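Understanding the architecture of this molecule
The chain contents come next:
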Amino acid sequence: MKKLSFLFFFLLILANCKKPDISVEPVKGLIADSAMVVSARAEASVIGTSILKNGGNAFDAMIATDLALVVAYPFSGNIGGGGFTVFRTSNGTTGSLDYREKAPLAAHRDMYLDEKGEIIPEKSTLGAMAVGVPGTIAGLFELHQKFGSKPFSELIQPAIDLAKRGVVVTQKQAESLNNYRKYFKKANQRTIFLDKDWTAGDTIKYPALAKTFERIRDNGRAEFYEGKTADLLVDYLSELGGIITKEDLKKYKAVWREPIIFDYKGYKVISMPPPSSGGICIGQILKSIEPYDIGQYKHNSDKYIQLLSEAERRVYADRSFFLGDPDFNIIPLDTLLSSRYNNGRMEDFSWEKATPSSEVSHGNIDIIESNETTHYSIVDAFGNAVSVTNTLNGAYGSKVYVEEGGFFLNNQMDDLSSKPNSPNMFGLIGGEANSIEPEKRMLSSMTPTIVEKDGKLFMVVGSPGGSTIITSVLQNILNIIEFDMGMQESVAAPRFHHQWLPDVILFENSFDTIHFESLKQKGYQISQGKSRILGKVDAILVLPDGRLEGGADPRGDDTAVGF
């Protein structure tokens, strides 16, 4: 069963990554004087920036951008999923909001196992049983209540207008919609995406989604969790055999959490805490490599790859054992982020040979104290910054499309451990801390992050990409801090990834193979798929003169817009 899951892990990455258009030449990104939005689609970045131009703050622009992505980027943009936001206000206050999906009240530990205790294929990834209780709308209203400066009705209206007039399909989007058509058919009784074979230049209009947004505009947060939209969601899932109820929706709440904060060589890194594993894992990896002064090695050289991979395999092993929903588990944050602990984890590292993952387990602590998402980064003219990662988990989530509501639903239940110590759709091993329980939030790899330098805003960064999110964000932080790259140059640079199990280093197809033989001789397993891409980083760098440089990942249709 594990072999099949690992095979699916590789097939999934390939399926999600058709024909990337990757430029590895150093390219200067968009430079703006005052404010910027970088997101997965131009329509969303334009709408977010228009809010900033009209006097809105970063949180206003976040809401407008987020809702526009539901229309322009149904692959991951969502109101049927959830996400995380890390923020820094103009006065230096930092924080984070968790609106991650939750397991339904009827969920139970063995719900995806057959009578022999084996995982039932696709049950946690495709169809109604894969859906967790959505949190996005709760998160947007929570942020608006605390930080919004413009009426919510004004922030949602651009998405309503966009849904009515339609979105022009890009080449990448057409390929994606056509590739997933068989899954849409398998998961649904009906959906607009089965109407035709899509081609670049087609326009898709979303009248049902426009009506949903209008109801949310008029009735507020309660519309999604208690109103007609809630009825549409629950009724359709019930038709398909799902278990989410109106009670599940009504009970859902977003949670404010203290962000993960640590220093790396004088830079202050602010990232997402559990149930995201991103902030802790980034911190552990940076603490693990700090004594080695990784900047002395050439970027993407064999020693650079080796050191990062060895740190990553140890950290991902810790992730599988220690991390989960903090409302259900005691997580040893201080120990996991300590230099002493991470230096100890690297004691058996050797430059001469690979450490087999079969010999790497979690660390010893005496007292224990999700492939396609979308990320966007925003900085406003007042100095506020938000880093936001939202997800449906897999591409188009569960593939369940609420036709009368106009939106996809997540397959986030797969991010809980269907069977502890077995891999999920991204090959990540889940432990007891992430086992299925009612109302538990799933462990995530999402890593929305903000970096400060000398007490000032320096960088806003994040990425989609399932298990590769953490390593994509990590490498961009290192590209800027250690190798003095510009933001666009950094996000375009080829990336690699190791996650403990399966014991292999994944490389993008654009990656120079010159060091592969040296790594193989030391015992490393190499995998470089023809169309593999790792993450789609959207980021903003504050330049020494205070202007902003956007990095919009060329692997997608991502776009930076600013003024």
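With an unreviewed UniProt entry as reference, the chain is termed Glutathione hydrolase proenzyme, source organism Lutimonas vermicola. On record in UniProt, under Subunit (unreviewed entry), the comment for the chain is "This enzyme consists of two polypeptide chains, which are synthesized in precursor form from a single polypeptide." Reading the Pathway (unreviewed entry) entry of the UniProt record for the chain gives the comment "Sulfur metabolism; glutathione metabolism."

1. Let's talk about the overall build of the chain
In terms of helices and strands, the chain carries 18 helices and 21 strands. The C-alpha atoms of the chain give 22 Å as radius of gyration, which agrees with the globular expectation for 563 residues (24 Å, within 12%). Projecting the C-alpha coordinates of the chain onto the three principal axes gives extents of approximately 65 × 60 × 45 Å. The buried share of the chain, reckoned over its 563 residues, is 66%. For the chain, the accessible surface area stands at approximately 19,400 Å², while carbon and sulfur atoms represent 49% of it. Of the charged side chains in the chain, 60 are positive and 70 negative; the average position of the first set lies 3 Å away from that of the second.

2. Topic: the pairing of strand β4 (residues 94-99)
Burial of β4 is extensive: five of the six residues sit out of reach of the surface. Of the strand pairs in this sheet, strand β3 (residues 82-88) and β4 are connected by six bridges, and their pairing is antiparallel. By the bridge assignment for β4, threonine 85 is matched with leucine 97. Between β3 and β4, which pair antiparallel in sequence order, lie five residues; one of them, glycine 92, sits at a positive phi of approximately 95 degrees. Here three bridges tie β4 to strand β7 (residues 255-257), and the two strands are oriented antiparallel to one another. Bridge pairing in β7 links aspartate 98 to valine 255.

About the cut-offs
Residues numbered from 1 in each chain as written. Predicted model: local features only at pLDDT ≥ 70, side-chain atom pairs only at ≥ 80, totals over all residues. Heavy atoms only, no water. UniProt positions renumbered as here; feature names shortened; annotations may be inferred. Helix = DSSP H or I, 4+ residues; strand = E, 2+ residues; numbered from the N terminus. Rg over C-alpha atoms; globule rule 2.2 N^0.38 Å. Buried < 20%, exposed > 50% of the residue type's maximum accessible area, 1.4 Å probe, protein only. Areas by Shrake-Rupley, 256 points an atom, 1.4 Å probe, with all protein chains shown as cover. Lys, Arg positive; Asp, Glu negative; His and termini not counted. Charge placed at Lys NZ, Arg CZ, Asp CG, Glu CD. Pairing = 2+ DSSP bridges.

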